[in-house]
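# Working through the structure, step by step
Each chain, written out:
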Amino acid sequence: MGPLDPSDDSGLFRRKDLLGLRFLAASEITHILDVAEQFRGLNLRSIKKVPTLRGKSVVHLFLEPSTRTRTSFDIAAKRMSADTFSISGGASSATKGETLMDTARNLAAMHPDIIVIRHSRAGGAAAVAKALPDTSIINAGDGACEHPTQGLLDLLTIRRALGGFRGRVVTIIGDITHSRVARSNIHGLVKVGAIVRVCGPPTLIPAGIEELGVQVHHTLQTAMHGADVLMALRIQKERIPRGGHFFPTTREYSRLYGINRDKLRRWGNKDVVVMHPGPINRGIELEPEVADGEWSVILNQVENGVAVRMACLYLALGGERAAAQEGRG
Ligand code: ASP
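These figures come from a predicted structure and were not determined experimentally. Once a new chain begins, its residue numbering starts again from 1 and follows that chain's sequence as written. Predicted model: local features are reported for residues with pLDDT of at least 70 only, side-chain atom pairs are reported and counted for 80 or more only, and whole-chain, interface and lining totals are derived from all residues. Side-chain numbers come from the whole structure's heavy atoms, not from hydrogens or water.

### Notes on the layout of surface pockets
- Space inside the largest pocket adds up to approximately 360 Å³.
- If you trace the largest pocket, you find 18 residues lining it, with Arg118, Arg180, Arg234, Gly278 and Pro279 closest to the centre.
- Among the elements of the structure, helix 2 (68-79) and helix 6 (180-191) are those that each provide at least two residues to the lining of the largest pocket.
- Ten residues, namely Ala, Val, Leu, Ile, Met, Phe, Trp, Tyr, Cys and Pro, are considered nonpolar, four, namely Asp, Glu, Lys and Arg, are considered charged, and the remaining ones, Gly among them, are considered polar. Looking at the lining of the largest pocket residue by residue, the classes come out as 4 nonpolar, 7 polar and 7 charged. A cavity here means a set of points on a 1 Å grid, drawn over the protein atoms and nothing else, where a 1.4 Å probe fits but cannot get out; a pocket is an open set with protein on both sides within 12 Å along at least five of seven lines, and a residue lines either one if it has an atom within 4 Å of a point. Grid points are joined across faces, edges and corners, and a volume is the space filled by probe spheres set on the points. Secondary structure follows DSSP: runs of H or I at least 4 residues long count as helices, runs of E at least 2 residues long count as strands, and numbering of each begins at the N terminus.

### A few points about the environment of lysine 263
- Along the chain, lysine 263 turns up in helix 9 (residues 261-267).
- Relative accessibility thresholds used throughout: buried, under 20% of the residue-type maximum; exposed, over 50%; partly exposed, between the two (1.4 Å probe, protein chains only). According to the relative accessible area criterion, lysine 263 is buried, its value standing at 8%.
- Between the C-alpha atoms of lysine 263 and isoleucine 32, which are 231 residues apart in sequence, the distance is 35 Å.
- Residue contacts are defined here by distance: any two heavy atoms, one from each residue, within 4.5 Å place the two residues in contact. Those residues in contact with lysine 263 that lie beyond four places of it in its chain are Leu220, Met224, Ser254, Arg255, Leu256, Tyr257, Gly258 and Gly268.

### Things to note about helix 5 (residues 148-162)
- To estimate how far a helix should extend, the number of its residues minus one is multiplied by 1.5 Å. Spanning 15 residues, helix 5 covers 21 Å between terminal C-alpha atoms, matching the ideal 21 Å at 1.5 Å per step.
- Burial analysis of helix 5 places 13 of its 15 residues in the buried class, the great majority of the element.
- Following helix 5 by one or two positions, glycine 163 adopts a phi angle in the positive range, close to 85°.

### Brief notes about the state of the cysteines
- Disulfides are defined in this document as cysteine sulfur pairs within 2.5 Å. Taken as a whole and assessed by the stated rule, the structure comprises 0 disulfides.
- Not engaged in a disulfide, the cysteine cysteine 312 finds its nearest cysteine sulfur in cysteine 145; these two sulfurs lie 17 Å apart.

### Side note on the sheet that holds strand 5 (residues 169-173)
- Only strands joined by at least two bridges in the DSSP assignment are considered to pair. Across the sheet, 5 strands lie side by side as 7-6-5-8-9; this open sheet has parallel pairing. On the outer flanks of this sheet lie strand 7 (215-217) and strand 9 (273-275), each paired with one strand and no other. Going across the sheet, the axis of each strand differs from the next one's by a mean of 25°, ignoring polarity.
- Pairing between strand 5 and strand 6 (residues 195-199): 5 bridges, direction parallel. What counts as an axis is a line fitted to C-alpha atoms, over the stretch in contact for a helix, and the angles between N-to-C directions run from 0 to 180 degrees.

Treat this as a map of the structure, not an account of what it does.
What follows is the structure in structure tokens.
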């Protein structure tokens, strides 16, 4: 029995939209990871196409820059035979003043099955999902709020590296205040039983974050002690208001919070793994020797991103419900 087994409908994903890991139960999260695990194999075959989403159309509406997320959503949809359409910020009517809601409503009038949205406004994807009852919406990053598919691919990578989550220590380092990746990881990891630490200068850690179930550290040495995973984040310059000063200099930030070989050898667990959602600012949050070294699972994250996005498209489009019905009929 597996999640794609039509006779097993125990953990069906029954949601129209995927908006954030804060909305999902631990069982839904692990179910998505299990489905993604099954899609991983497909990505390693020489022929990578299956007819699973034939006849479905997927619109990728990316109104903020993206490399990995957008490409992997596109690859995921195409490998499942969906028709895909991409719209990016500079090439869309957003540049003419159209609101996200108007753009989404107009796209929905063309009856796509799913719209994958990246937008700078926190809650943007959720507002569209509410307004469009007949179109599935996947949040591919809403401002500093959430990036659920990144959180899921990070969880899949951690589960594959460590074999599970319970009692494992994950330390997220850097710009926690402005990072949607941090927020999705915190929600997801806490739900599945990991111990989550956040580490950074006080100015980059939002007040009250402990309420999400995380421990706060301001020194890298204590945050790294006993950690199984170190997740480095990029400073989200584009979300820092002009004139805002969150740390003295990049050099100072890197000295205190950047990860290099020396710090890993002195303070790190022997088997610690290092993650980063990309894009990396080499020499700031990670030295190249770490990003490309034996600790790094960064390219595994990217690889797992395709399988996770296949799972999310498949589940949000009700593929699992359809398979279960067929199995019964
Ligand atoms: N790619 C991730 C995001 O879109 C992380 C980053 O940009 O730093 O949030």
